[in-house]
Amino acid sequence: MINLSFPIEVYYLSVLFYGMTFLFSLMKTKRFCIIFLRVAFMVNLISEVSGRYLVWPFCNMFSEPFFLPLCLSGTSLVLIGRKRQQEAFLIVPLVVLFSIIPVFFSEGYYPPFTLMSRSIYAHLFHFCAFVSHGLLITGAYLALLSLFLRIEYGLIYRLVVWGFALLCTAGMFGMLWSYVGRSDVISWNHYYFHSIAIWFYYVGFLHLHLTMGWDQKRKALVLLGGAFLILWFDYLPQIGGIHAPGVLNANLYRLY
């Protein structure tokens, strides 16, 4: 039996710090907002690294709800480092929202359903896929806000391009993982079809971006559609139903 109470309890602590970050952002105290965001990011990182260490060499394939806040907060910190504090602070509510969801809804750290998850390519595939989802969701979120606030569209486009690049990289590692495990570069299952559907959707967006006549509002709506696909195909299946009796009970997270 593997007891995962430590990474889960540390994750709960990161949620608290994310909440404090949001509070200070509302109070317009930027210095404390940045400090608590950095602390929350580091605590979330400790939770993620310790959780993966405990299940190593298996890949924790269904932990995106716990990883996504780390990616979103990391994106916010990168924007702060690049002197884009307005956009960085706008991401904070999104970070808090996605950090709270696993506390109430996540099924937790699933046991790996296949021995092939021990492959290093499984780890690289899921890491790239999770980070790409974070960047694409952030891009869609800022695109929505750009309809009401003054946000540079070039920043949104760069987030989407980097997210798409990592999505392509994830696909490459996924094919290597499948080839090593099955001697076939494609695993014909629903997860593959979901991933390729998302990939083709963003291929279409990047082509439409070059089409004259597509204004910022239409592009924002298309990006929202992409975020919906990611949440519907990849995120929602990992959170399950609400588990109110088990909220804040880290002992529920065990692998046998």
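Predicted, not measured: the structure shown is a model, and the values here were computed from it. (Residues numbered from 1 in each chain as written. Predicted model: local features only at pLDDT ≥ 70, side-chain atom pairs only at ≥ 80, totals over all residues. Heavy atoms only, no water.)

**Q** Give a detailed account of the overall build of the protein chain, specifying residues and quantitative values.
**A** Secondary structure assignment for the protein chain yields 8 helices and 2 strands. By sequence separation, contacts in the protein chain at least 24 residues apart represent 82% of the contacts at least 6 residues apart. Of the accessible surface of the protein chain, which amounts to about 12900 Å², a share of 71% is contributed by carbon and sulfur atoms. (Helix = DSSP H or I, 4+ residues; strand = E, 2+ residues; numbered from the N terminus. Contact = heavy atoms within 4.5 Å. Areas by Shrake-Rupley, 256 points an atom, 1.4 Å probe, with all protein chains shown as cover.)

**Q** Before we move on, can you summarise the packing of helix α3 (residues 64–81) against helix α5 (residues 120–145) with the specific residues and values?
**A** Relative orientation of the contacting elements α3 and α5 amounts to 55 degrees, with a least axis distance of 9 Å. Compared by their axis directions, α3 and α5 come out oblique. Our pair here, α3 against α5, has a crossing hand that is right-handed. Residues Glu-64, Phe-67, Leu-68, Cys-71, Leu-72 and Thr-75 of α3 form the contact with α5, whose own contacting residues are Phe-127, Phe-130, Val-131, His-133, Gly-134, Leu-135, Ile-137 and Thr-138. (Axes fitted to C-alpha atoms, helices over the stretch in contact; angles between N-to-C directions. Parallel < 35°, antiparallel > 145°, perpendicular 65-115°, else oblique. Left-handed = near helix turned anticlockwise from the far one by under 90°.)

**Q** Go over unusual backbone geometry with me, naming the residues and quoting the values.
**A** Even without glycine at this site, Lys-28 takes up a positive phi of about 65 degrees. Judged by relative accessible area, which is 69%, Lys-28 ranks as exposed. (Buried < 20%, exposed > 50% of the residue type's maximum accessible area, 1.4 Å probe, protein only.)

**Q** Hey, could you go over the confidence of the model for the protein chain for me, with residue numbers and the actual values?
**A** Summary statistics for the protein chain give a mean pLDDT of 82 and a share of 81% for residues scoring 70 or more. Here strand β2 (residues 254–255) stands out as the least confident element of the protein chain, with mean pLDDT 50; α3 is the most confident, with 92. (pLDDT = per-residue confidence, 0-100.)

**Q** Provide a residue-level description of the packing of aromatic side chains, including the pertinent values.
**A** All chains considered together, the criterion is met by 11 aromatic pairs. Ring centres of Phe-17 and Phe-36 lie 6.1 Å apart, and the angle between their planes is 40 degrees; this geometry places the pair in the tilted category. Here the residue Phe-17 occupies a position in helix α1 (residues 5–26), and Phe-36 occupies one in helix α2 (residues 30–55), the gap between them amounting to 19 residues. With respect to class, Phe-17 is no different from Phe-36; both count as buried. Taking 5.8 Å as the distance between ring centres and 75 degrees as the angle between the ring planes, the aromatic pair formed by Tyr-201 and Tyr-202 counts as edge-to-face. (Phe/Tyr/Trp six-rings, centres within 6.5 Å; stacked < 30°, edge-to-face > 60°.)

**Q** Which residues make up α3, and what are the values?
**A** If you check α3, its first and last C-alpha atoms are 25 Å apart, about what 18 residues at 1.5 Å a residue would give, namely 26 Å. A large share of α3 lies buried, amounting to 16 of its 18 residues. (Expected span 1.5 Å × (residues − 1).)

**Q** I'd like a rundown of the nonpolar core, residues and numbers included.
**A** Ranked by internal contacts, the top residues of the largest apolar core, which has 60 residues, are Phe-98, Leu-142, Tyr-202 and Leu-223. Of all the secondary-structure elements, those providing two or more residues to this core are α1, α2, α3, α4 (85–104), α5, α6 (153–182), α7 (190–209) and α8 (216–235). Apart from the residues within four sequence positions on either side, Leu-223 is in contact with Gly-139, Ala-140, Ala-143, Ile-156, Val-160, Tyr-202 and Phe-205. One finds Ala-122, Cys-128, Ala-129 and Trp-177 within the second-largest nonpolar core, a separate group that totals 8 residues. (Core = buried A, V, L, I, M, F, W, Y, C linked by side-chain atoms within 4.5 Å.)

**Q** Give me the lowdown on the pattern of salt bridges, citing residues and values where you can.
**A** The full count for this structure, using the stated rule, is 4 salt bridges. Glu-152 is paired through a salt bridge with Arg-84; the nearest N and O atoms lie 3.0 Å apart. Residue Glu-152 is found in the loop between α5 and α6, and its partner Arg-84 is found in the loop between α3 and α4; the two are separated by 68 residues along the sequence. Here Glu-152 makes a salt bridge to Arg-158, at a shortest N to O gap of 3.9 Å. What makes Arg-158 partly exposed here is its relative accessible area of 40%. Residues joined in a network through salt bridges with shared partners are Arg-84, Glu-87, Glu-152 and Arg-158. (Salt bridge = Lys/Arg side-chain N within 4 Å of Asp/Glu carboxyl O.)

**Q** Could you give an account of the packing of α4 against α5, with specific residues and numbers?
**A** It is the contact of α4 with α5, at a shortest axis distance of 11 Å, that shows an interaxial angle of 120 degrees. Here α4 is positioned oblique relative to α5, judged by the angle of their axes. Crossing handedness for the pair α4 and α5: right-handed. Side by side, α4 and α5 meet where Glu-87, Leu-90, Ile-91, Pro-93, Leu-94 and Phe-98 of the first sit next to Ile-137, Thr-138, Tyr-141, Leu-142 and Leu-145 of the second. Considering only residue class, the contact of α4 with α5 consists of 9 nonpolar, 1 polar and 1 charged. (Nonpolar A, V, L, I, M, F, W, Y, C, P; charged D, E, K, R; others polar.)

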